[in-house]
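Given next are the chains, with one letter for each unit.
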Amino acid sequence: MHYFQYKNGELFCEEVPVKEIVSSVGTPVYIYSARTISRHFRVFDEAFSGVSHLVCYSVKANSNVAILRLLARLGAGADIVSGGELARALKAGIPADKIVFSGVGKTPEEMKAALEAGILMFNVESLDELEVLSEVASSLGKRAPFALRVNPNVDPKTHPYITTGLKKNKFGIPEEQAIEAYKKTKDHPFLYPIGLDAHIGSQLTSVSPFVDALKRLKAIWEEVISFGIELKYLDMGGGLGIVYRDEEPPPPKEYAEALIREAKELSATLILEPGRVIVGNAGVLITKVLYTKENGFKKFVIVDAAMNDLIRPSLYQAYHEIIPVEEKDGGKEVVDVVGPICESGDFFARERKLPVLKRGDLLAIMSAGAYGFVMSSNYNSRLRPPEVLVDGDKFYVIRRRESIFDLLALESIPVNYV
Ligand code: LLP
């Protein structure tokens, strides 16, 4: 669900006409609905209200500090994967003791910053990493709280690029190795085992892979506590899917009930790391039709946004609904919606039936709130678009459009290249 809807034939975000935002900041522009984000967070959080839990929003899905602040005010923690995300979460006011640090390649510098900030725990993904974490903690005279991320070898049945819990994926530690590692860290001076973690993939549309993974985690948990190690946090990662087209993902309540049912004997505090389900449908990318052209074989609608702004269609063949900002009566035609970048992979939709479009028409590319702006780049030296947050009848520019100055700011020509 979301708060983008037509009123008298014109697309609104909450109480604000999209056209009003466009006349103020131009196109392309990302627009997010604060009401949608808040609602999604609350529904997700309340689904777990019967048990001790912490929702650590996965910052990678949309890391704008204004969005993080909105979520912090609702009580969210954060799942981070870099020093940059740590800085964002802290700047937004997310308490350090609600932050978990995931990822296969944390550097010693990132570990140090997180330890100094006092985060809740590190989700460690290799035995090598555990060793480095111990060294860094020792240099600071601290004990690093950690969970091991295990690889439960469960197929989440999603796109191969976002499948993470199979043995062929780079993520997590095999079960047997994890159990051995826990044993070694009991009473360790610099490592403090407090949790167990898994994340099996993203955009999952059924609960059964989550339950299968949880069954594996339960067996490991029980074995680890039998060594006298007091685990407290069971981190189930993120991954709950959303509707882009005609998917039927389980509602958060059903997902929560399945996890709670399975985990109840462990008396663990559950940690969840949702990203997409909180912000995915809360954002759209607005773009303008620059040109249309017909080559006798196909009709192309060339818009002013491109794969550098939203890469999901190109990278994952992802479907994003496209609707006109002003509703159109009359006929439809089959077109490719493409961007200005010099690659045939630069498209938002192929062979899509859309109302007949002309130069200057505005289009909304839906469900672009997650993995949209955060995956954008300056490819083709394009300036990244602004981000706007709508809250009721007000809107705020939460990141301005990049300028040519920004584009060139970090580069320099060697002095002798005269
Ligand atoms: N926790 C961990 C450790 C993760 O790696 C991820 C996502 C999440 C939580 C959040 O997953 P979510 O609830 O958003 O599914 N760029 C891709 C998605 C990559 C997901 C990476 N990891 C896309 O656009 O579909």
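About the thresholds
- Residues numbered from 1 in each chain as written.
- Predicted model: local features only at pLDDT ≥ 70, side-chain atom pairs only at ≥ 80, totals over all residues.
- Heavy atoms only, no water.
- Helix = DSSP H or I, 4+ residues; strand = E, 2+ residues; numbered from the N terminus.
- Contact = heavy atoms within 4.5 Å.
- Buried < 20%, exposed > 50% of the residue type's maximum accessible area, 1.4 Å probe, protein only.
- Pairing = 2+ DSSP bridges.
- Near = heavy atom within 4 Å.
- Polar contact = N/O pair within 3.5 Å; in protein donor to acceptor, adjacent residues only side chain to side chain.
- Areas by Shrake-Rupley, 256 points an atom, 1.4 Å probe, with all protein chains shown as cover.
- 1 Å grid on protein atoms, 1.4 Å probe; cavity = no way out; pocket = protein on both sides within 12 Å on 5 of 7 lines; lining within 4 Å.
- Sits in = over half its atoms within 2 Å of the grid points.
- Nonpolar A, V, L, I, M, F, W, Y, C, P; charged D, E, K, R; others polar.
- Domains from an automatic or database assignment.
- Salt bridge = Lys/Arg side-chain N within 4 Å of Asp/Glu carboxyl O.
- pLDDT = per-residue confidence, 0-100.
- Phe/Tyr/Trp six-rings, centres within 6.5 Å; stacked < 30°, edge-to-face > 60°.
- Lys NZ or Arg CZ within 6 Å of the ring centre and 35° of its normal.
- Axes fitted to C-alpha atoms, helices over the stretch in contact; angles between N-to-C directions.
- Parallel < 35°, antiparallel > 145°, perpendicular 65-115°, else oblique.
- Left-handed = near helix turned anticlockwise from the far one by under 90°.
- Arc of directions from axis to C-beta.
- Points joined across faces, edges and corners; volume = space filled by probe spheres on them.
- Core = buried A, V, L, I, M, F, W, Y, C linked by side-chain atoms within 4.5 Å.

**Student:** Before we go on, may I ask you to explain the side chain of S38 in this structure?
**Tutor:** Mapped onto the elements, S38 comes out in helix α2 (residues 34-47). Apart from the residues within four sequence positions on either side, S38 is in contact with L70 and L74.

**Student:** I would appreciate a short explanation of the pairing of strand β2 (residues 10-13) in the present structure.
**Tutor:** By the alternation rule, side chains of β2 split into E10 and F12 and L11 and C13, which are all buried. Here strand β1 (residues 4-7) hands over to β2 after two residues, with N8 in that stretch at a positive phi of 50°.

**Student:** Which parts of the structure should I look at to understand the site of the ligand?
**Tutor:** For the ligand, the set of nearby residues contains 19 residues, the closest of which are S202, E273, R312, Y316 and Y371. The backbone of G239 places a nitrogen or oxygen atom 2.8 Å from an oxygen atom of the ligand. R312 places a polar side-chain atom, nitrogen or oxygen, 2.6 Å from an oxygen atom of the ligand. Bound to the protein, the ligand loses 92% of the 580 Å² it would expose on its own. In this structure, the ligand is accommodated by the largest pocket. Taken together, the residues of the shell around the ligand sort by class into five nonpolar, eight polar and six charged. When residues are assigned to domains, the shell around the ligand turns out to be shared by domain 1 (4-32 + 280-408) and domain 2 (103-272), each giving three or more.

**Student:** Would you mind going over the pattern of salt bridges with me for this structure?
**Tutor:** Between side chains of opposite charge, a pair can form as their charged atoms come close. One pass over the full model with this rule turns up 24 salt bridges. Of the charged contacts, one joins K60 and D79 as a salt bridge, the two residues approaching to 3.5 Å between their closest N and O atoms. You can see K60 sitting in the loop between β5 (53-58) and α3 (65-73) and its partner D79 sitting in strand β6 (residues 77-80), a full 19 residues away along the chain. The salt bridge partner of E262 is K215, with a shortest N-O separation of 3.9 Å. Here E262, found in helix α9 (residues 252-263), pairs with K215, found in helix α8 (residues 208-225); they are 47 residues apart in sequence, far enough to count as distant. Several salt bridges converge on common partners, so that one network encompasses K7, E14, E15 and R35.

**Student:** Sorry, what's going on with the confidence of the model for the protein chain here?
**Tutor:** In regions of low pLDDT, the predicted coordinates are not meant to be interpreted in detail. Overall, the predicted model of the protein chain reaches an average pLDDT of 96, with 99% of residues at or above 70. Here helix α7 (residues 175-185) stands out as the element of the protein chain with the lowest mean pLDDT, 94, in contrast to strand β4 (residues 29-33), whose mean of 99 is the highest.

**Student:** Please clarify how the sheet that holds β1 should be interpreted in this entry.
**Tutor:** What links the strands of a sheet is backbone hydrogen bonding, and the strands pair in either a parallel or an antiparallel sense. Across the sheet, three strands lie side by side as β1-β2-β3; this open sheet has antiparallel pairing. Pairing within the sheet leaves two strands with one partner each, and these edge strands are β1 and β3 (16-17).

**Student:** What is the right way to read the packing of aromatic side chains from this model?
**Tutor:** How two aromatic rings sit relative to each other is given by the distance of their centres and the angle of their planes. Within this structure, the stated rule accounts for eight aromatic pairs. Their ring planes at 75° and their centres at 4.9 Å tell us that F210 and Y255 sit as a pair that is edge-to-face. With F210 in helix α8 and Y255 in helix α9, the pair connects residues that are 45 residues apart, well separated along the chain. The class of F210 is buried, set by a relative accessible area of 1%. Through a chain of ring-to-ring contacts, the aromatic side chains of F44, F48, F210 and Y255 assemble into a single cluster. Geometry around F101 places K106 over its ring, the cationic atom sitting 5.6 Å from the centre. In this structure, R350 packs its charged tip against the face of F347, placed 3.9 Å from the ring centre.

**Student:** When you look at the packing of α2 against α9 in this model, what are you seeing that I'm missing?
**Tutor:** Each pair of packed helices can be summarised by the angle the axes make with each other and by the distance between the axes. Where α2 contacts α9, the two axes come as close as 8 Å, and the packing angle between them is 25°. Relative to α9, α2 is oriented roughly parallel. Like other packed secondary-structure pairs, α2 and α9 cross with a definite hand, here right-handed. Of the residues in α9, those touching α2 at V43, F44 and A47 are P252, K253, Y255, A256 and I260. The residue makeup of the contact of α2 with α9, split by class, is seven nonpolar, no polar and one charged.

**Student:** Whenever I open this one, helix α5 (residues 108-117) confuses me. Can you help?
**Tutor:** Helical geometry: 3.6 residues make up each α-helical turn, so side chains three or four residues apart lie on a common side. Listing the buried residues of α5 in full gives E110, M111, A114 and L115. Projected down its long axis, α5 shows its buried positions confined to an angular sector of 130°, all on one face. Here the buried face of α5 lies against α4 (83-91), β7 (99-101), β8 (121-124), α6 (127-140) and β9 (144-149). Among the residues trailing α5, G118 stands out with phi positive, at a value near 85°.

**Student:** Honestly, the layout of surface pockets in this entry has me stumped. Any pointers?
**Tutor:** Over the atoms, a rolling probe the size of a water molecule traces out where space has been left empty. When its volume is computed, the largest pocket comes out at roughly 900 Å³. Lining the largest pocket are 42 residues, with S58, K60, V81, E85 and Y371 positioned closest to its centre. Those elements that provide at least two residues to the lining of the largest pocket are α4, α11 (312-316) and β20 (394-399). Of the residues contributing to the lining of the largest pocket, the split by class is 13 nonpolar, 14 polar and 15 charged.

**Student:** Could you clarify how one ought to interpret the environment of K112 in this entry?
**Tutor:** As for its position among the elements, K112 is in helix α5. Taking relative accessible area as the criterion, K112 reaches 37% and is therefore assigned partly exposed. Along the chain, K112 and L140 lie 28 residues apart, while their C-alpha atoms are 7.9 Å from each other. Beyond its immediate stretch of four places on either side in the chain, K112 contacts V136 and L140.

**Student:** Explain the nonpolar core here, please?
**Tutor:** Soluble, globular proteins show a tendency: their nonpolar side chains are buried together. Core analysis: the largest hydrophobic core is formed by 99 residues, its most contacted members being F48, F122 and L234. Considering each element in turn, this core owes the most residues, seven residues, to α8. For this core, the two domains that each supply at least three residues are domain 1 (4-32 + 280-408) and domain 2 (103-272). Once residues within four sequence positions are removed from consideration, L234 is found in contact with L196, L214, L217, W221, A263, L266, A268, T269, L270 and I271. Counting 19 residues, the second-largest nonpolar core is a separate cluster that includes F4, I31, V284 and L362.

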